Amino acid sequence: MSEVPSEPTNGMQKSIETVIDEGLYSRQLYVLGHEAMKHLQTSSVLVSGLQGLGVEIAKNIILGGVKAVTLHDQGTAQWADLSSQYYLREEDIGKNRAEVSQPRLAELNSYVPVSTYTGPLFVEDFLRDFQVVVLTNTPLEDQLQVGEFCHNHGIKLVVADTRGLFGQLFCDFGKEMIVMDSNGEQPLSAMVSMVTKDNPGIVTCLDETRHGFESGDFVSFTEVQGMNELNGIHPLEIKVLGPYTFSICDTSSFSEYIRGGIVSQVKVPKKISFKSLVVSLAEPDFVITDFAKYSRPAQLHIGFQALHRFCSQYNRSPRPHNEEDAAELVILAQTVNSEALPPGQQDILDEDLIRKLAYVAAGNLAPINAFIGGLAAQEVMKACSGKFMPIMQWLYFDALECLPENKAAFMEDKCLPHQNRYDGQVAVFGSDLQEKLGKQKYFLVGAGAIGCELLKNFAMIGLGCGEGGNITVTDMDTIEKSNLNRQFLFRPWDVTKLKSDVAAASVRQINPHVRVISHQNRVGPDTECIYNDDFYENLDGVANALDNVDARLYMDRRCVYYRKPLLESGTLGTKGNVQVVIPFLTESYSSSQDPPEKSIPICTLKNFPNAIEHTLQWARDEFEGLFKHPAENVNQYLTDPKFVERTLQLGGTQPVEVLQALQRSLVLQRPYTWADCVTWACYHWHTQYSNNIRQLLHNFPPNQLTSSGAPFWSGPKRCPHPLTFDVNNTLHLDYVMAAANLFAQMYGLMGSQDRPAVATLLQSLQVPEFIPKSGVRIHVSDQELQSASVSPDDSHLEELKAVLPSPDKLSGFKMYPINFEKDDDSNFHMDFIVAASNLRAENYDISPADRHKSKLIAGKIIPAIATTTSAVVGLVCLELYKVVQGHQQLESYKNSFMNLALPFFSFSEPVAPPRHQYYNQEWTLWDRFDVHGLQPNGEEMTLRQFLEYFKSTNWK
């Protein structure tokens with residue numbers, strides 16, 4: 001065994017800028033940000049204990065992108081490890097766990113060196129090399145020794161442990177830690193309508209939207225007119241008075257407020273302090289995971305200490321479901337409790353809970369490891385980066401609801417080890433459930449981040465691994481490099497391959513007994529010939545791993561129709577949720593939905609933006625309107641003889657708009673050379689950022705007053721100014737380069753990246769002088785826009801039709817619609833969006849957005865991080881245990897929501913389905929009329945017989 005870490009085998013660490021350019025961390029960056037990622041890259045982490053929990057933590061932090069990871073374990077792989085350690089194989093039994101796991105973990109991320117160490121843990125010179133130490137499966141004496149050293153030497157410590165259906169997590173990040181951003185949310189901002197001269201001053205925001213601030217937040221002010229003292233003042237702490245008001249400092253000596261202003265939330269670093277493990281053991285602080293189990297953390301704090309004593313005394317865990325060992329653990333817990341100091345001592349020890357801890361302590365469950373491992377890895381990343389609020393300081397979790405509802409159905413002899421890969425699970429649930437799991441037929445929809453984690457856990461617990469069982473997984477997507485950061489079943493050499501095929505092959509490596517059938521189909525009405533009655537009737541359940549609501553709703557309807565249980569989950573950055581849908585017992589996913597996303601008013605987008613989100617949405621609309629829709633319409637015009645006829649039947653001004661667009665594309669603006677494309681881009685720049693703004697100001701001058709005498713340009717309306725084109729302005733040239741190349745691509749012309757040549761061409765162009773026109777109507781509100789909508793003049797439509805070239809004169813001509821693709825940095829798509837949005841932001845004096853933020857908003861990217869995915873899927877699979885056992889008590893199931901950044905956890909019973917009455921018949925969404933269409937004589941029921949059936953049924 002080596003006494004020092006072995007040399008890493010997977011190369012040199014790259015800078016975060018290089019990694020960003022190469023795309024691996026693209027989704028995680030939207031969760032953590034650049035600064036936090038840079039801090040991660042300076043942190044070396046030791047993970048001690050390479051059983052299931054340890055390898056789950058190591059996997060997540062390697063994917064997260066720390067500087068380096070060292071794996072420590074002096075133990076050898078046992079059969080029981082295979083139930084939760086997915087990088088062990090049957091041929092690894094008897095080999096060192098760290099050395100066997102290292103090459104497989106190293107494959108996860110080529111940017112993170114992974115080494116091994118198999119010597120004694122407490123070697124001071126060895127421990128000094130790490131910024132964070134993670135201990136799993138470690139005796140309490142070793143935890144205390146290492147914990148004291150770490151606390152005194154500024155090394156952050158995470159202790160994690162799982163015992164059957166129980167989990168424990170402890171964090172000590174030192175005597176002083178600075179949290180730079182406690183929640184990770186985007187800073188809020190609001191528009192000011194009034195500030196009083198008072199002590200304290202009262203700020204009132206526009207009543208269009210609530211400000212969203214909380215008491216204790218810090219804010220800063222900009223663009224305030226009159227009370228100039230507020231502009232640029234140091235961040236002020238506020239006290240919220242209402243949804244539109246809050247108080248600040250003493251403003252009684254400030255100037256009179258006139259109008260305007262933007263108030264923005266400021267993230268202020270927060271200093272926090274941790275107690276050492278030895279102190280915190282005696283004076284514990286708990287994070288509550290389930291408020292229905294409010295008293296359990298303190299009880300389990302005693303129970304886990306007693307468990308350490310039991311293991312030290314007997315050199316083993318309590319035997320599964322053994323009454324003698326359970327009684328011994330209760331005695332030890334009573335002793336621990338009697339010796340505890342008042343802060344940790346319990347008035348009444350929950351002996352039943354301690355016995356249950358003893359019953360399952362020998363077990364090792366993949367879902368519990370996934371949940372606690374996801375949480376622990378997130379704490380490691382907090383320790384490294386200073387991003388998000390750490391756990392202060394103990395967290396305990398249990399999932400005792402997973403045990404059989406019929407308590408008497410359990411016998412100790414059903415839980416004995418059989419020297420196979422499921423021993424760790426059988427120790428908790430017995431062999432009967434293992435047999436049931438193997439026979440299950442499940443449909444997994446999606447093989448992305450959640451899908452990969454689900455497949456891994458399914459393979460570990462033995463779902464579909466027995467005779468008659470199987471898992472069908474479908475996903476039509478191929479693997480991209482950005483997937484590798486969280487879809488851990490994929491490797492760099494799998495890029496461009498089909499997700500479902502690679503995921504299926506990968507889990508067969510984890511458990512060769514798993515029976516996975518991979519499909520590449522989208523679920524929906526068009527694939528109901530594949531996923532038909534026979535397919536669903538043979539299923540035992542469905543698990544969703546989807547990234548859009550429409551597909552979720554569709555699968556929910558199918559599960560209700562076929563009365564199949566559905567396991568639903570999702571993540572958004574550090575947030576995650578789980579919903580379990582059980583036939584006849586719970587409501588369905590569709591029964592309650594989030595309110596629709598608030599849309600931006602059209603007039604705000606067209607003329608009155610006041611936030612970068614508005615200019616980015618405008619730029620996305622520009623992209624579609626310039627480079628996609630015109631080409632689609634032209635191609636339809638050229639190939640469909642009835643296209644014009646159908647267009648004329650459209651409502652409102654749409655016929656005119658479509659025909660005018662055809663005229664522009666085919667006649668007025670059709671390019672024939674690259675120079676034509678550059679000219680078009682330059683003219684369009686002037687139209688959007690100079691001419692249209694000048695026309696707007698002609699209609700509504702800067703000093704315009706409303707009918708009530710108030711300034712027109714006030715509140716959410718920011719007064720714009722036109723831009724002057726400058727070929728030496730990088731942003732101006734960025735726009736022309738992107739727009740000209742996209743325009744050329746749409747017409748099948750060759751583009752160019754020669755910026756100097758384009759700049760020279762632009763200098764020679766003569767742009768016509770624009771003179772604002774009188775009589776042009778600009779709508780101020782969407783209501784005004786809708787009321788002003790009129791039908792087009794028939795004669796004007798005939799004129800437009802007449803100037804269009806006949807399709808037969810354009811034989812062989814076609815255009816190429818461009819579909820927006822955010823992730824290809826060479827295609828000019830994001831170049832156009834960033835330039836178009838930031839130029840418009842400059843028009844309205846709105847702070848611009850960098851490419852990173854622009855891609856997040858315009859690309860509607862869902863932020864993602866491996867830690868949340870791991871934790872969420874762990875909870876999903878705990879619900880799966882209950883589904884397979886057939887739990888019928890609503891309180892046995894748990895819907896959950898978590899936010900690892902805060903950290904916050906919420907568990908609740910699923911909602912029962914609403915019950916309705918029809919005469920004396922009570923029904924829910926799960927009920928239906930079952931009519932046997934095939935009669936005993938083999939003939940099909942006639943329509944008359946069908947009607948007679950309902951007439952003869954007594955409903956009263």
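Residues numbered from 1 in each chain as written. Predicted model: local features only at pLDDT ≥ 70, side-chain atom pairs only at ≥ 80, totals over all residues. Heavy atoms only, no water.

Asker: Is there a simple way to think about a nonpolar patch on the surface in this case?
Answerer: Side chains of Phe291, Tyr294, Phe897, Leu902 and Phe904 sit close together on the surface and give an oily, nonpolar patch of about 520 Å² of accessible area. One can find Phe904 in strand E25 (residues 904–908). (Patch = residues over 30% accessible without salt bridge, like charges linked within 9 Å, V, L, I, M, F, W, Y side chains within 5 Å. Areas by Shrake-Rupley, 256 points an atom, 1.4 Å probe, with all protein chains shown as cover. Salt bridge = Lys/Arg side-chain N within 4 Å of Asp/Glu carboxyl O. Helix = DSSP H or I, 4+ residues; strand = E, 2+ residues; numbered from the N terminus.)

Asker: Please explain unusual backbone geometry as it appears in this structure.
Answerer: Negative phi characterises most residues that are not glycine, and trans characterises most peptide bonds. Residues Met392 and Gln393 are joined by a peptide bond in cis, for which omega reads -20 degrees. By the element assignment, Gln393 lies in the loop between helix H12 (366–385) and strand E17 (394–398). Looking along the chain, the bond that leaves Leu902 and enters Pro903 is cis, with omega of -15 degrees. Looking at the element boundaries, Pro903 is found in the loop between strand E24 (895–899) and E25. Located in the positive-phi region is Gln419, a residue other than glycine, with phi close to 55 degrees. Residues other than glycine seldom take positive phi values, yet Lys860 does so here, at roughly 50 degrees. Looking at the secondary structure, you find Lys860 in the loop between helix H30 (851–858) and helix H31 (866–885).

Asker: How do you make sense of the sheet that holds strand E13 (residues 245–247) when you look at a structure like this?
Answerer: The sheet built from seven strands is open, its strands ordered E11-E10-E14-E8-E9-E13-E12 with antiparallel pairing. Across the chains shown, the open sheet's two edge strands, defined by having one partner strand only, are strand E11 (236–237) and strand E12 (239–242). For strand E8 (residues 189–195) and strand E9 (residues 202–205), the ladder comprises three bridges, and the chain directions are antiparallel. Note that in E9 the partner of Val195 across the bridge is Val203. (Pairing = 2+ DSSP bridges.)

Asker: How should I be thinking about the packing of aromatic side chains in this particular structure?
Answerer: For any pair of aromatic rings, the description rests on two quantities: the centre-to-centre distance and the angle between the ring planes. Enumeration over the complete set of coordinates arrives at 45 aromatic pairs. Aromatic pair Phe623 and Phe820: ring centres 5.4 Å apart, planes at 75 degrees, arrangement edge-to-face. One end of the pair, Phe623, is in helix H20 (residues 612–627); the other, Phe820, is in the loop between helix H28 (794–803) and helix H29 (829–843), and 197 residues separate them in sequence. In this structure Phe623 comes out as buried when scored by relative accessible area, which is 0%. Sitting over the ring of Tyr561, Arg928 keeps its end group 5.9 Å from the ring centre. (Phe/Tyr/Trp six-rings, centres within 6.5 Å; stacked < 30°, edge-to-face > 60°. Buried < 20%, exposed > 50% of the residue type's maximum accessible area, 1.4 Å probe, protein only. Lys NZ or Arg CZ within 6 Å of the ring centre and 35° of its normal.)

Asker: Quick question: what am I supposed to make of the sheet that holds strand E19 (residues 470–474) here?
Answerer: Working definition: the strands of a sheet are paired by backbone hydrogen bonds and lie parallel or antiparallel to each other. An order of E20-E19-E18-E21-E22-E23-E24-E25 is seen for the eight strands of this open sheet, with the pairing classed as mixed. Either end of the sheet is taken by a strand with one partner, and the two such strands are strand E20 (516–519) and E25. Averaged over neighbouring strand pairs, the angle between their axes works out to 10 degrees when direction is ignored. Bridge count between E19 and E20: four bridges; the pairing is parallel. (Axes fitted to C-alpha atoms, helices over the stretch in contact; angles between N-to-C directions.)

Asker: What should I look at first to understand empty space enclosed by the protein in this one?
Answerer: Over the atoms, a rolling probe the size of a water molecule traces out where space has been left empty. If you walk through the whole model with that rule in mind, you get four cavities of 30 Å³ or more. In this model, the largest cavity occupies a volume close to 100 Å³. Lining the largest cavity are 14 residues, and of these Phe397, Leu875, Glu879, Lys894 and Phe907 lie nearest its centre. Among the secondary structure elements, those contributing two or more residues to the lining of the largest cavity are E17 and H31. Broken down by element, the residue count for the lining of the largest cavity peaks at four residues, all from H31. Broken down by class, the residue content of the lining of the largest cavity amounts to six nonpolar, one polar and seven charged. Lining the second largest cavity are Ile288, Thr289, Asp290, Lys293, Arg296, Pro297, Leu300, Tyr396, Phe397 and Asp398. Of all the elements in the fold, those that place two or more residues in the lining of the second largest cavity are helix H9 (296–314) and E17. Classifying every residue of the lining of the second largest cavity gives five nonpolar, one polar and four charged. (1 Å grid on protein atoms, 1.4 Å probe; cavity = no way out; pocket = protein on both sides within 12 Å on 5 of 7 lines; lining within 4 Å. Points joined across faces, edges and corners; volume = space filled by probe spheres on them. Nonpolar A, V, L, I, M, F, W, Y, C, P; charged D, E, K, R; others polar.)

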